[in-house]
Every structure is written in structure tokens, then in C-alpha cells.
Amino acid sequence: MQSIISARNLDLVFQTADGPVHALNDVNLEIGKGEFVSFIGPSGCGKTTFLRVIADLEKPTGGTITVNGMTPEKAREARAYGYVFQAAALYPWRTIEKNIALPLEIMGISKAEQAERIRRTLALVNLTGFEKKFPWQLSGGMQQRASIARALAFDADLLLMDEPFGALDEIVRDHLNEQLLELWARTNKTICFVTHSIPEAVYLSTKIVVMSPRPGRVTDIIESTLPKERPLDIRETPEFLAIAARVREGLRAGHSYED
Ligand SMILES: Nc1ncnc2c1ncn2[C@@H]1O[C@H](COP(=O)(O)OP(=O)(O)OP(=O)(O)O)[C@@H](O)[C@H]1O
């Protein structure tokens, strides 16, 4: 399998007024093309920092990482990824189509190509017909889907998603999880997904990376045995519950390390 992310002995120490903070300690991880990888762990274990390193928004202080076989800097220049933040982060004064168009305008993409990408990505997230609406005219779940459309419009093979559904109620979240899986299956993108939810991680992922804080590190990497096709009620199967139990165990083990 082609490697999309390869981290070796990755370290990142922030120097703060209160002393050094070891956000990532000796992280080793391989992510192959087309994988759906969730990062789960308590607050402060370095999940966001790891995504930010991939996106070249933070520089590691030790070890190496490649993104699509390049340095994160080169990958950023090549626009190798789309980034979806925890809050939808749409510009309130721009319509949905204008929000999606903004990064494309900056990239110098032609108007015709912009229109085509807007049409295609809105269809992918089931928002066709909402082009001219402003973000505040959409529900929270729809706004989050619009921000996913914006990230997809880059047409990058890699999607970085930092707790995109954290603020949504459970029914909406279930629905978006289903849609995201569908989208992933259709597009064969590689997805790195941060979550605090064990069921969400198990439902979505081909690989689950369990992390723990102080210092931020990987305590378990679980390869999912679930089939690619996942109806929501798969969450009641013994296989699903067994993976969830292992994630919970990993989180617990990481926790006792602090005591
Ligand atoms: N720019 C920064 N400067 C100093 N410390 C930072 C910086 N960014 C993150 N940290 C620290 O690094 C550690 C890891 O933070 P990070 O945001 O990656 O954790 P997280 O697992 O994503 O947490 P959460 O689940 O709360 O989002 C934390 O202790 C945090 O305070």
C-alpha cells in the first residue's frame, strides 16, 4: 500500500512560559493510501498537534515525517490536503458557494473550474440548492457539511478533520458519520480524523490511533476488522464492541501512566 503519512520517532516540544510542553513524544505511524484513521485520546495528548504537523502548521523538534513522500512544507505547497476544523469556520458575509470558492480564487483557479468544483462538492455533501444561502441560514450540521465541501474542493487526496462533528447532537452526528463513510468509499480519499468519541472512532475507521498525554504519545494502534460497508447498527455487533473495548482499555492504560 502506498504510504501517505510516515512518521518516525516524531517529537514536538513547545517552549512555553511555564516550561517545555512535550506535545508529541516518539510517534511512529504509517498511514496508507485510502485509509480512514482516527486519533483518539484525552485533551492535551497531541491529536491536533499531530494534524498540524502534517499540515505544516507546526514544525517537529525531532524525528521525521513525510506527507505524500514529501516534507510537510512541500506537501502544503503542492496542496496535498484539505483541512476541516472543529467549528465550521465559514465566513458569515459570504454565501456557501462564495465560501467554497475563496481558497480556489486564491489558488488562481478559473471561474468555470470553480463553478464545477462547487457543484460537485456540494452534491457530495448533499447540499445542492444551498449555494446562495449564507452560513447563518443553515443548521449546524449543514454548516459543517459546507466546510467539508470547502475542504473537498481542493481535490486533495488527503483530508485532515479535527473533531468536525464534536459540537453536534448525536442524531445529526450519526447521519454525518454515515455520509462521511459514503463519501470516503466513493472518493477513496485518505482521512485523518480527530475525535473524543469511542463509537465514532470505531464506526468510521480502518485504523484507530489511541493517544495519551504528558507527554503526548501513541499507546495503541488498532487495525479494524470491520467490513468497509457499515450500516449504523453494526455498532451493536460483538466485533464492534470488542474493538471499542480495546480502545477503552488503551485510553485507561494511558491514564494510569499519569498517576
Ligand atoms: N502553540 C502552542 N504552544 C504551547 N503549547 C501548545 C501549543 N499548542 C498545543 N500546546 C500544548 O500541547 C499539548 C497538546 O495539545 P493538542 O492541542 O495537540 O492536544 P489535543 O489532544 O488536540 O487536545 P484537545 O482534545 O483538547 O483538542 C497540550 O498540552 C497543549 O497545551
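In this text, all values refer to a predicted model and were calculated from it rather than measured experimentally.

*Asks:* What's the story with the overall build of the chain in this structure? I'm lost.
*Replies:* Regarding its fold elements, the chain presents eight helices and nine strands. Along the first, second and third principal axes, the C-alpha set of the chain runs to 55 × 45 × 40 Å. When each of the 259 residues of the chain is scored for burial, the buried share is 42%. In the chain, once contacts between residues fewer than 6 apart in sequence are set aside, the share between residues at least 24 apart is 70%.

*Asks:* Honestly, the site of the ligand in this entry has me stumped. Any pointers?
*Replies:* By nearness alone, 13 residues border the ligand, and Phe14, Ala23, Ser43, Thr48 and Thr49 come closest of all. Going through the elements one at a time, strand E1 (3-16), strand E2 (19-32) and helix H1 (47-54) are the ones with two or more residues in the shell around the ligand. Ranked by the residues each element gives to the shell around the ligand, the list is headed by H1, at three residues. Residues of the shell around the ligand, tallied by class, amount to four nonpolar, eight polar and one charged.

*Asks:* Mind showing me how you'd approach the domain arrangement of the chain here?
*Replies:* Note: interface size is frequently given as the accessible area lost on complex formation between the parts. You can read the domains of the chain as domain 1 (3-80 + 157-256) and domain 2 (90-155). The C-alpha centroid of domain 2 is placed 25 Å from the C-alpha centroid of domain 1. Residue-level contacts link ten residues of domain 1 with ten residues of domain 2. Broken down by element, the residue count for the side of domain 1 that touches domain 2 peaks at four residues, all from helix H6 (residues 170-187). Across the side of domain 1 that touches domain 2, the residue classes tally to eight nonpolar, one polar and one charged.

*Asks:* Sorry if this is basic, but what is going on with the environment of glycine 250 here?
*Replies:* Relative to the assigned elements, glycine 250 resides in helix H8 (residues 238-256). Look at glycine 250 and you get buried, because 23 C-beta atoms sit within 10 Å. C-alpha separation for the pair glycine 250 and isoleucine 221, spaced 29 residues apart in sequence, amounts to 9.2 Å. Setting aside chain neighbours within four positions, we find glycine 250 in contact with Val210, Thr219 and Asp220.

*Asks:* I keep staring at the confidence of the model for the chain and nothing clicks. Help me out?
*Replies:* As a general rule, the predicted coordinates of low-pLDDT regions are not to be interpreted in detail. Here the chain averages 90 in pLDDT, while 97% of its residues score no lower than 70. For the chain, the element scoring lowest by mean pLDDT is strand E5 (residues 81-84), at 80; strand E3 (residues 36-40) scores highest, at 97. Model confidence for the complex: the whole-complex pTM is 0.89, and ipTM, which rates the interface, is 0.96.

*Asks:* I would appreciate a short explanation of the sheet that holds strand E4 (residues 62-67) in the present structure.
*Replies:* Hydrogen bonds between backbone atoms are what pair the strands of a sheet, whose relative direction is either parallel or antiparallel. Reading across from one edge, E2-E1-E4 is the order of the three strands in this open sheet, with antiparallel pairing throughout. At either end of the open sheet lies a strand with only one pairing partner, and these are E2 and E4. The mean inter-strand angle of the sheet, taken between neighbouring strand axes irrespective of direction, is 20°. Where E1 lies against E2, ten bridges are found, and the strand directions are antiparallel. Opposite threonine 16, over in E2, you have glycine 19 as the bridge partner.

*Asks:* Explain the sheet that holds strand E7 (residues 190-195) here, please?
*Replies:* Strand order in the open sheet made by the six strands is E5-E6-E7-E3-E8-E9, with mixed pairing throughout. Two strands bound the open sheet, and with one partner strand each, they are E5 and strand E9 (217-223). Sheet twist, expressed as the mean angle between neighbouring strand axes with direction ignored, is 15°. In this structure, strand E6 (residues 158-162) lies alongside E7, joined through five bridges in parallel fashion. Bridging across to E7, leucine 159 finds its partner in isoleucine 191. Those strands touched by H1 are E3, E5, E6, E7 and strand E8 (207-212), and its axis lies near 150° from that of E7.

*Asks:* I keep staring at the pairing of E5 and nothing clicks. Help me out?
*Replies:* For a regular strand, the rule is simple: side chains alternate between the two faces of the sheet. With burial as the criterion, each face of E5 is covered, one bearing Tyr81 and Tyr83 and the other bearing Gly82 and Val84. Relative to E6, E5 runs parallel, the two being bridged by four bridges. Residue pairing for E6: glycine 82 is matched across the bridge by leucine 159.

*Asks:* What's the story with the environment of alanine 151 in this structure? I'm lost.
*Replies:* Within the secondary structure, alanine 151 sits in helix H5 (residues 140-152). The class of alanine 151 is buried, set by 20 C-beta atoms lying within 10 Å. C-alpha separation for the pair alanine 151 and glycine 82, spaced 69 residues apart in sequence, amounts to 4.5 Å. Leave out the neighbours within four places in its chain, and alanine 151 touches Gly82, Tyr83, Val84 and Leu159.

Calculation criteria
- Residues numbered from 1 in each chain as written.
- Predicted model: local features only at pLDDT ≥ 70, side-chain atom pairs only at ≥ 80, totals over all residues.
- Helix = DSSP H or I, 4+ residues; strand = E, 2+ residues; numbered from the N terminus.
- Buried ≥ 20, exposed ≤ 12 C-beta atoms within 10 Å, placed from the backbone.
- Contact = placed C-beta atoms within 7 Å.
- Near = placed C-beta within 6 Å.
- Nonpolar A, V, L, I, M, F, W, Y, C, P; charged D, E, K, R; others polar.
- Domains from an automatic or database assignment.
- pLDDT = per-residue confidence, 0-100.
- Pairing = 2+ DSSP bridges.
- Axes fitted to C-alpha atoms, helices over the stretch in contact; angles between N-to-C directions.

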